[in-house]
Amino acid sequence: MSAPPRRRAVVTGIGVIAPNGTSTEAFWKSTQEGVSVLDRVTREGCTHLPLKVAGEVRSFDPSAVIEERYIVQTDRFTHFAMAAADAALEDARLGRADTEGRPFSAGVVTAAGSGGGEFGQGELQKLWGKGSRYVGPWQSIAWFYAASTGQISIRRGFKGPCSVVAADEAGGLDALAHAVRAVQRGTDVIVAGSTEAPLAPYSMVCQLGYRELSPVDDPARAYRPFTEAACGFVPAEGGAMFTVEELGAARERGVPVRATLAGHAATFTGASCWERSREGLAEAIRGALAEAGCAPEEVDVVFADALGVPEADRAEALAIGDALGAHGRRVPVTAPKTGTGRAYCAAPVLDTVAAVLAMEHGLIPPTPNVFDICHDLDLVTGRARPARVETALVLSRGLMGSNSALVLRHGAADVT
């Protein structure tokens, strides 16, 4: 007896809350035009800190899209996640009535690195300034990395597989891989992605220990990976959520398939061991390609991790060549995050959004603020490049040593 066909996971919905746009349409318009929104930090309590440049989300009002009872018990990173999840489900044409009758067929998986630092700081200030009676009950959960997963599942009535990935910045891609595994095991719908809100006083002070953080106070020069002027990365907030469905279920509902999550792999090479990340990232790329049944020469664009640290950039450029061979020197590479900042776990998820949109529009977005390339890469700079994009490779590495690679195919492309 032959084995049943493998269940395939596809993207049917996207929701974005980013520094350059709080909708998918606004995000793409800014991204394809290569607009940089990096600017001086303006968040209250942060302007005196050594970190001067960041990618802030400045046009987001949670009260316009989220019920008050959820807002008061959650941090900004969860506000982003709930709003993006709503947008992703709406894009997928999945209303509450579509899942109420089968709540165990829908789940949630998110990734988070900074958690609810702003909420936690506020409650601790009440504890030491006024006393324990002034600390609210939501302090016990709002700061926690799993808060977004929990609140989305409660608010939407999802009772299927729910989880949170704590795996460094690369956890954003790993969360999507968890969504794929859940679909393959029998779940029909998973809301997956990552949002971060690390631009609050306590959270920013914690980041000051990262030697990879850019010390430059000029927004146009603070984040310039793959150049001689590379001096570190600029942090950001925001993120994105996806509706990930089983292909047959999506077709039965008659909704368009935006992309296929075709292959993923992850490795670990140690905290800040950037030279060693060459081997680990290359192995992750090979593993993702193998799972996708994709030959190196089929990759049409690479969305780079682009840390902005010279040894890390060198390692990534070499890893792309190691894994893709001669094609690695010809394939277009881009890093649109240089215009928005690196939103930790959410950074590769936003890159995944950009990759899906690049495939849909036949346009590879540029790498803002980057011009003089000092590595053997075909880095897209200046303006977007028209191209037929059927397969995209998204890369991510974490400061603590995680490496991850994700292969996307356009639409419901056949994969082995």
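Before going into details, it helps to say that this report is about the structure given with it. (Residues numbered from 1 in each chain as written. Predicted model: local features only at pLDDT ≥ 70, side-chain atom pairs only at ≥ 80, totals over all residues. Heavy atoms only, no water.)

Details of the sheet that holds strand β10 (residues 332–334)
Move 1: Taken in spatial order, the 11 strands make up an open sheet running β5-β4-β6-β7-β1-β8-β15-β14-β9-β10-β12, and their pairing is mixed. Each end of this open sheet is capped by a strand with a single partner; those strands are β5 (162–165) and β12 (378–379).
Move 2: Pairing analysis gives 2 bridges linking strand β9 (residues 301–303) to β10, with the strands arranged parallel. Residue pairing across strands places valine 302 opposite valine 333, the latter belonging to β10.
Move 3: With respect to the sheet, helix α11 (residues 274–292) is in contact with β8 (259–268), β14 (391–397) and β15 (402–410), its orientation differing from that of β8 by roughly 145 degrees. (Pairing = 2+ DSSP bridges. Helix = DSSP H or I, 4+ residues; strand = E, 2+ residues; numbered from the N terminus. Contact = heavy atoms within 4.5 Å. Axes fitted to C-alpha atoms, helices over the stretch in contact; angles between N-to-C directions.)

Structural notes on the pattern of salt bridges
Move 1: Under the criterion given, the structure shown has 28 salt bridges.
Move 2: For aspartate 218, the salt bridge goes to arginine 221, with nearest N and O atoms at 3.6 Å.
Move 3: What makes aspartate 218 partly exposed here is its relative accessible area of 29%.
Move 4: For arginine 286, the salt bridge is made with glutamate 283, and the minimal N-O distance between the two is 3.3 Å. Residue arginine 286 and its partner glutamate 283 are located together in helix α11, separated by 3 residues, close to a single helical turn.
Move 5: A residue is classified by how much of its surface remains accessible, and arginine 286, at 37% relative accessible area, is partly exposed.
Move 6: Three or more residues are tied together by salt bridges with common partners; here these are Arg43, Arg76, Glu118 and Glu237. (Salt bridge = Lys/Arg side-chain N within 4 Å of Asp/Glu carboxyl O. Buried < 20%, exposed > 50% of the residue type's maximum accessible area, 1.4 Å probe, protein only.)

Examining the pairing of strand β7 (residues 238–246)
Move 1: Of all 9 residues in β7, 9 are buried; the element is thus mostly enclosed.
Move 2: Note that strand β1 (residues 9–17) and β7 share 8 bridges and pair antiparallel. In the sheet register, isoleucine 17 faces β7, and the bridge partner there is glycine 239.
Move 3: Where strand β6 (residues 189–196) lies against β7, 8 bridges are found, and the strand directions are antiparallel. Across the sheet, threonine 195 pairs through a bridge with glycine 239, a residue of β7.

Shape descriptors only; they carry no functional weight alone.
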